[in-house]
Amino acid sequence: MEITSSAMLKTTTTTPHPLAGEKVPLTAFDRAAFDVFVPLVFAYRAPAPSSEAVKEGLRVAVAAYPLAAGRLAVDVAVDGQGRRRRRRVLHVNDEGVLVLDATVEADLDAVLAANVATDLYPALPEHSFGAALLQVQLTRFRCGGLVVGLIGHHHVFDGHSMSTFCATWARAVRDGEAFIVPSPSLDRAITGVPRSPPAPVFDHRSIEFKVGNKSSDSSGAAAAAVDMPMEKITNIGVHFTAKFVAELKARVGGRCSTFECVLAHAWKKITAARGLKPEEFTRVRVAVNCRRRANPPAPADLFGNMVLWAFPRLQVRRLLSSSYRDVVGAIRAAVARVDAEYIQSFVDYVEAADARGEELAATAPEPGETLCPDLEVDSWLGFRFHEMDLGT
């Protein structure tokens, strides 16, 4: 592979965006999210659109989502008690999106068959501050195929937001000059309006946050993490056929989502393969989109983070002996507990912790951490990545 060009793509709108120049504080949901860049790779066989068309579509999409072209920064603010506090912010400064062009003297299918795609997206920055929060690599292949690899910082996007951005970008490429620029909801502050006074009900310090580098873990919700060298971690793709998923749903009986039945199956099989002691407990960290669950609900097109986690937890003996219906029931019950009251408690907890001057650190595991006897599971089934159709 040869990187042939590197440039910072900036918007070219004549009218500045209302957020231009703003320093947008990270919300409670942003602060609970992974402090990492998340890679994505999209592959297109020939004929693929030109790189110029893809870049122009990106430029138009970023104009509607200016936070994507900003930078992480630290701002100093004075709290209600007159204390100067350092806080992370998203500086909407239009420093731009890093775009790399690359070529490969091979056919796309051959490369994808032998490659886990780690060189098909930009290298992950060592530090988040000062780095472009969205970075894109356009890789052209001898056969005319194209791979669009990108990385986005999780403090800017959750999966829902990233998929919506990608769908907008693809539509801008396809429609060209006929594209109608959307007006997504960019007011991230609406996700974190505390009660007055804040009244947290749940112990979020042992669920979403820890204070400093310590966690009380009183509820057992925080995953047990062990550092593991990344070279010892293998990516494994498993394809479940429609017939197999239908059989799983039949074993559950009644109404059951694809995610619920596949998670129940995976949880059972992985736990059995680990050979855990019957009296041990195992739990799953399940991401839950809170947009519709909050009161009042947040707009569906809210750009940012609005995810919390459910933690279904079972004793190994019970998990392995229970029916699929019962395991799905445990998963469903845990997800249902992430309701409007829980979400408000989370927002209130962060507000109260800030007032006390506590430094909160997310319990989200870092890359390279193994979670045995636990699992972390994310579903992309409701995301719009399938709309990342660039046309020809």
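All figures in this text were calculated on a predicted structure; none of them were measured in a lab.

Some thoughts on the overall build of the protein
Turning to step 1, where the next piece is worked out: Helices and strands together make up the secondary structure of the protein, namely 9 helices and 16 strands.
Turning to step 2, where the next piece is worked out: Taking 392 residues into account, the globule formula puts the C-alpha radius of gyration at 21 Å, and the protein, at 22 Å, falls close to it.
Turning to step 3, where the next piece is worked out: Overall size of the protein, expressed as C-alpha extent along the three principal axes, is 60 × 60 × 40 Å.
Turning to step 4, where the next piece is worked out: Here the protein holds 392 residues, and the buried ones make up 46% of them.
Turning to step 5, where the next piece is worked out: Summarising the internal contacts of the protein: among those between residues at least 6 apart in sequence, 80% fall at separations of at least 24.
Turning to step 6, where the next piece is worked out: In the form shown here, the protein has an accessible surface area of approximately 19300 Å², with 54% of it arising from carbon and sulfur atoms.
Turning to step 7, where the next piece is worked out: The averaged location of the 45 negative side-chain charges in the protein is 6 Å from the averaged location of its 44 positive side-chain charges.

With respect to unusual backbone geometry
Turning to step 1, where the next piece is worked out: S196 connects to P197 through a cis peptide bond whose omega is 0°.
Turning to step 2, where the next piece is worked out: As for its position among the elements, P197 is in the loop between helix 4 (159-175) and strand 9 (209-211).
Turning to step 3, where the next piece is worked out: Here N295 and P296 are connected by a cis peptide whose omega angle stands at 0°.
Turning to step 4, where the next piece is worked out: Tracing the sequence through the fold places P296 in the loop between strand 11 (281-289) and strand 12 (307-310).
Turning to step 5, where the next piece is worked out: With a phi close to 50°, D94 is a non-glycine residue in the positive phi region.
Turning to step 6, where the next piece is worked out: Of note, D94 is situated in the loop between strand 5 (84-91) and strand 6 (97-104).
Turning to step 7, where the next piece is worked out: A relative accessible area of 26% places D94 in the partly exposed class.

Focus on the pattern of salt bridges
Turning to step 1, where the next piece is worked out: The tally for this structure, following the rule as stated, stands at 16 salt bridges.
Turning to step 2, where the next piece is worked out: Here D354 makes a salt bridge to R31, at a shortest N to O gap of 3.0 Å. Note that D354 is positioned in helix 9 (residues 340-355) and R31 in helix 1 (residues 28-32), a separation of 323 residues in sequence.
Turning to step 3, where the next piece is worked out: A salt bridge links E260 to R332, with the shortest nitrogen-to-oxygen separation between them at 2.7 Å. Taken as a pair, E260 in helix 6 (residues 258-274) and R332 in helix 8 (residues 324-336) lie far apart in primary sequence, 72 residues in all.
Turning to step 4, where the next piece is worked out: With relative accessibility at 12%, the residue E260 sits in the buried group.
Turning to step 5, where the next piece is worked out: Among the ionic contacts, a cluster of salt bridges with common partners joins R195, E341 and D348.

Some details on the sheet that holds strand 3 (residues 37-44)
Turning to step 1, where the next piece is worked out: If you trace the 5 strands from one edge of the open sheet to the other, you get 1-6-7-8-3, paired in mixed fashion. Of all the strands in the sheet, just strand 1 (2-9) and strand 3 have a single pairing partner and so form its edges. Going across the sheet, the axis of each strand differs from the next one's by a mean of 15°, ignoring polarity.

Remarks on the environment of T191
Turning to step 1, where the next piece is worked out: Summarising the element assignment, T191 is placed in the loop between helix 4 and strand 9.
Turning to step 2, where the next piece is worked out: Taking the C-alpha atoms as reference, T191 lies 8.7 Å from N305; in sequence the two are 114 residues apart.
Turning to step 3, where the next piece is worked out: Every residue in contact with T191, bar those within four places of it in the chain, is listed here: T27, F29, L302, N305, M306 and V347.
Turning to step 4, where the next piece is worked out: At 2.8 Å, the side chain of T191 forms a polar contact with the backbone oxygen of R188.

Thoughts on the nonpolar core
Nonpolar side chains in soluble globular proteins tend to be buried together.
Turning to step 1, where the next piece is worked out: Counting 48 residues, the largest nonpolar core has F29, W267, L308, V338 and F346 as its most contacted members.
Turning to step 2, where the next piece is worked out: Of all the secondary-structure elements, those providing two or more residues to this core are helix 1, helix 5 (242-252), helix 6, strand 11, strand 12, helix 8, helix 9 and strand 16 (375-377).
Turning to step 3, where the next piece is worked out: Not counting chain neighbours up to four residues away, the residues in contact with W267 comprise T282, R283, V284, P312, R313, L314, L319, V327, I331 and L375.
Turning to step 4, where the next piece is worked out: Listed in part, the 43 residues of the second largest apolar core include A64, A69, V136 and L390.

Here we look at the environment of P194
Turning to step 1, where the next piece is worked out: Following the sequence through the fold, P194 ends up in the loop between helix 4 and strand 9.
Turning to step 2, where the next piece is worked out: Residue P194 is classed as partly exposed on the basis of its relative accessible area of 29%.
Turning to step 3, where the next piece is worked out: As a C-alpha pair, P194 and V41 span 153 residues in sequence and 38 Å in three-dimensional space.
Turning to step 4, where the next piece is worked out: Excluding residues that lie within four positions of it along the chain, P194 makes contacts with Q344, V347, D348 and E351.

Thresholds, definitions, all that
- Residues numbered from 1 in each chain as written.
- Predicted model: local features only at pLDDT ≥ 70, side-chain atom pairs only at ≥ 80, totals over all residues.
- Heavy atoms only, no water.
- Helix = DSSP H or I, 4+ residues; strand = E, 2+ residues; numbered from the N terminus.
- Rg over C-alpha atoms; globule rule 2.2 N^0.38 Å.
- Buried < 20%, exposed > 50% of the residue type's maximum accessible area, 1.4 Å probe, protein only.
- Contact = heavy atoms within 4.5 Å.
- Areas by Shrake-Rupley, 256 points an atom, 1.4 Å probe, with all protein chains shown as cover.
- Lys, Arg positive; Asp, Glu negative; His and termini not counted.
- Charge placed at Lys NZ, Arg CZ, Asp CG, Glu CD.
- Salt bridge = Lys/Arg side-chain N within 4 Å of Asp/Glu carboxyl O.
- Pairing = 2+ DSSP bridges.
- Axes fitted to C-alpha atoms, helices over the stretch in contact; angles between N-to-C directions.
- Polar contact = N/O pair within 3.5 Å; in protein donor to acceptor, adjacent residues only side chain to side chain.
- Core = buried A, V, L, I, M, F, W, Y, C linked by side-chain atoms within 4.5 Å.

Read these as geometric descriptors, not functional statements.
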